[in-house]
Amino acid sequence: FISDSLSMATHWYYNRDNIYKDFGKDGITKYENAKHPHPEAFMIGEKYLPNIEMSKELNRNVDIIRQKHRKFYNTTLPNDLNEQKIKKTTTESEHGNSVADKQERYHYHHDLKAGDNTLSAHLCRLLLRDIAKQLSSTKRFKDKLFAQSFIDYMTTNENEQRID
């Protein structure tokens, strides 16, 4: 978990020179905030297209993207903030992906602060807790129980760490 939070600020950097430009000649030597703009951000416009009508019929919450982050995604979730979607431009980055204009190149973890863990680490922690809980009570691990824990975690509104 320490290595996850230590490396969080450099996630999605492919060119090491960009790490040195953003964090100094020694790179990462302490917990850092994510930088803006991200030199290589390409996650803008990624798709999350849940079937809203079906989720209502099944009484299933599919809302895993916080309201303030919906402008970054091509999604069927409602955008109650009425913010303009950020779009990719035709400009290609160093890694060949299209990216947004420079000031709209948000770091994938732009809301995280120095020392915060990413969603991946939080989900690992959730899995470890679920394994420990299940093994202490039943001596068996049931993936369906973890699947429900995962769904609950990802769809709980109080959870600030859903899709980071």
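Everything quoted here is computed from the prediction, not taken from an experiment. (Residues numbered from 1 in each chain as written. Predicted model: local features only at pLDDT ≥ 70, side-chain atom pairs only at ≥ 80, totals over all residues. Heavy atoms only, no water.)

Caption draft 1: Structural detail: helix 2 (residues 16-23). When we look at burial in helix 2, the residues that qualify are N18, I19 and F23. Buried positions in helix 2, seen along its axis, are confined to an arc of 110 degrees and lie on one side of it. Note on helix 2: the residue one or two positions beyond its end, G24, has a positive phi of about 100 degrees. (Buried < 20%, exposed > 50% of the residue type's maximum accessible area, 1.4 Å probe, protein only. Helix = DSSP H or I, 4+ residues; strand = E, 2+ residues; numbered from the N terminus. Arc of directions from axis to C-beta.)

Caption draft 2: Fine view of the pattern of salt bridges. Overall, the coordinates contain two salt bridges when judged by the stated rule. Note that K25 and D26 form a salt bridge whose closest N and O atoms lie 3.5 Å from each other. Looking at K25, the relative accessible area reads 73%, which means it is exposed. Across the pair E32 and K30 runs a salt bridge, and its minimum N-O distance is 3.2 Å. (Salt bridge = Lys/Arg side-chain N within 4 Å of Asp/Glu carboxyl O.)

Caption draft 3: Region of interest: the nonpolar core. Counting residues in each nonpolar core, the largest one holds twelve residues, listed as V62, I64, I65, F72, Y73, L77, L119, L123, L126, F146, Y153 and M154. Of all the secondary-structure elements, those providing two or more residues to this core are helix 4 (119-138) and helix 5 (143-155). (Core = buried A, V, L, I, M, F, W, Y, C linked by side-chain atoms within 4.5 Å.)

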